[in-house]
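# Per-entry structural report
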Amino acid sequence: MRLLVHSGCFKKTKVNGEEEAYGLTAASTLLIKDKPYCLSPTVSVFVDPFFVAPFQSLSSWFKGTEITLWETVHGIKFWEFMNQNPAINQRFNEAMASDSEIMTTFVVKSECKQIFEGLGSLVDVGGGNGTFSRIISEAFPGIKCTVLDLPHAVANLPEADNLKYIAGDMFRFIPPADAFLFKLVFHGLGDEDGLKILKKRREAIASNGERGKEIGLVDDVLVDEQDIPAPAPLDTRLLQDIPARGTLLPDVCSSLLVFVEAYPTNTGAPVSGVG
Ligand SMILES: C[S@@+](CC[C@H](N)C(=O)[O-])C[C@H]1O[C@@H](n2cnc3c(N)ncnc32)[C@H](O)[C@@H]1O
């Protein structure tokens, strides 16, 4: 318990003014199942041996020729691994969905609500099981939401009048829309692949008569360490990015923030989010 208190999972408290007890902290409150906001699926995926074990092979990766740590350990790319392991894929998608449930509270329902007003269509690129888009589609019935993701991620998901799924490859085609949402997509890409996606998004804008200059980016962004409020776990974030992306410094992510701010919304407010 001492360790768990030290790491912020529990806090020491007194019952009836004298008996020592342990209580939940703000962080561990988010791990309670069946509450509206629960990050337990996210935590359980990122501490699962399937995700943590590759870190035992860092030295092989450094010495080898594979681009990503994941390929060094599993012999295939991260998303191909998900395709071949449906049970893990399901858990991964649920983890992403639990993160989206929380984030939409701030992005869709309060802090950034105005950025969605007036939009006719939105493509959620690499949108996973579409939790983020489902919440947007319910809050803004006038926005036609399309979730683009790989076939194994979007198979058999229930659609609605203004929520559709496209099984596809974002490196090949991104459908035209008024707005594009990229949530937790770029941090898993190397710089070259990140730029390819931006070019595809550019083509989607051009094919829509130059409408749709809005872009929503919700991702890890590398900033100077001194700019991160303590105790933000930069080391954890950097480690989380290593398995799939293959380079240690997310340069594209840093420059993307600049890019995002260069594309104001139709309401004049920059669309950017740092998650
Ligand atoms: C980290 S997850 C984020 C999911 C979702 N945006 C969210 O935040 O809940 C990245 C997503 O990108 C998808 N993805 C990876 N490569 C893709 C590709 N080539 N085309 C379309 N989607 C892809 C994955 O299947 C996965 O759902």
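It should be noted that the structure appears before, not after, this text.
Residues numbered from 1 in each chain as written. Predicted model: local features only at pLDDT ≥ 70, side-chain atom pairs only at ≥ 80, totals over all residues. Heavy atoms only, no water.

This next bit is on the overall build of the chain. Each helix and strand in the chain was counted, giving 13 helices and eight strands. Relative to its full complement of 275 residues, the chain shows a buried share of 42%. When contacts within the chain are restricted to residue pairs at least 6 apart in sequence, long-range pairs at least 24 apart make up 56% of them. Summed over its atoms, the accessible surface of the chain is roughly 14900 Å², and 58% of this surface lies on carbon and sulfur atoms. (Helix = DSSP H or I, 4+ residues; strand = E, 2+ residues; numbered from the N terminus. Buried < 20%, exposed > 50% of the residue type's maximum accessible area, 1.4 Å probe, protein only. Contact = heavy atoms within 4.5 Å. Areas by Shrake-Rupley, 256 points an atom, 1.4 Å probe, with all protein chains shown as cover.)

To continue, consider the nonpolar core. Core analysis: the biggest nonpolar cluster contains 18 residues, and Val108, Phe116, Leu122, Phe132, Ile136, Phe140 and Ile143 have the highest contact counts within it. Of all the secondary-structure elements, those providing two or more residues to this core are α8 (86-107), α9 (131-139), β4 (144-149), β5 (163-167) and β6 (179-183). With residues near it in sequence (within four places) discarded, Val108 still touches Lys113, Phe116, Phe132, Ile135, Ile136, Ala139 and Phe140. Residues Ala177, Leu189, Leu198 and Ala204 belong to the second largest nonpolar core, which totals 15 residues. (Core = buried A, V, L, I, M, F, W, Y, C linked by side-chain atoms within 4.5 Å.)

A separate point is the pairing of β6. A large share of β6 lies buried, amounting to five of its five residues. Covered by surrounding structure in β6 are Ala179, Leu181 and Lys183 together with Phe180 and Phe182, the residues of both alternating faces. Relative to β6, strand β3 (residues 121-125) runs parallel, the two sharing four bridges. Its bridge partner lying in β6, Val125 is registered against Phe182. (Pairing = 2+ DSSP bridges.)

Turning next to the site of the ligand. Near the ligand there are 15 residues, and of these Gly126, Asp149, Asp169, Met170 and Lys183 occur at the shortest range. A distance of 2.6 Å separates an oxygen atom of the ligand from a polar side-chain atom of Asp149. Isolated, the ligand exposes 590 Å² of accessible area, and the fraction of that covered by the protein chains is 94%. No other element matches α8, which puts three residues into the shell around the ligand. Among the residues forming the shell around the ligand, the class breakdown is seven nonpolar, five polar and three charged. (Near = heavy atom within 4 Å. Polar contact = N/O pair within 3.5 Å; in protein donor to acceptor, adjacent residues only side chain to side chain. Nonpolar A, V, L, I, M, F, W, Y, C, P; charged D, E, K, R; others polar.)

A few words now on the environment of Leu31. One can find Leu31 in the loop between α2 (26-29) and α3 (40-46). What makes Leu31 partly exposed here is its relative accessible area of 35%. When the C-alpha positions of Leu31 and Ser44 are compared, they lie 9.6 Å apart, and in sequence the two are 13 residues distant. Discounting residues that sit within four places of it in the chain, Leu31 has contacts with Cys38, Leu39, Ser40 and Val43.

Note that side chains of opposite charge can pair when their charged atoms are close. Following the criterion strictly, the structure yields nine salt bridges and no others. Note that Lys200 and Glu203 form a salt bridge whose closest N and O atoms lie 3.2 Å from each other. Here Glu203 and Lys200 lie together in helix α11 (residues 191-206), a separation of three residues that amounts to about one turn. Owing to a relative accessible area of 18%, Lys200 belongs among the buried residues under this scheme. Via salt bridges that share partners, Glu101, Arg134 and Glu138 belong to a single interconnected network. (Salt bridge = Lys/Arg side-chain N within 4 Å of Asp/Glu carboxyl O.)

The values are spatial; any link to function lies outside them.
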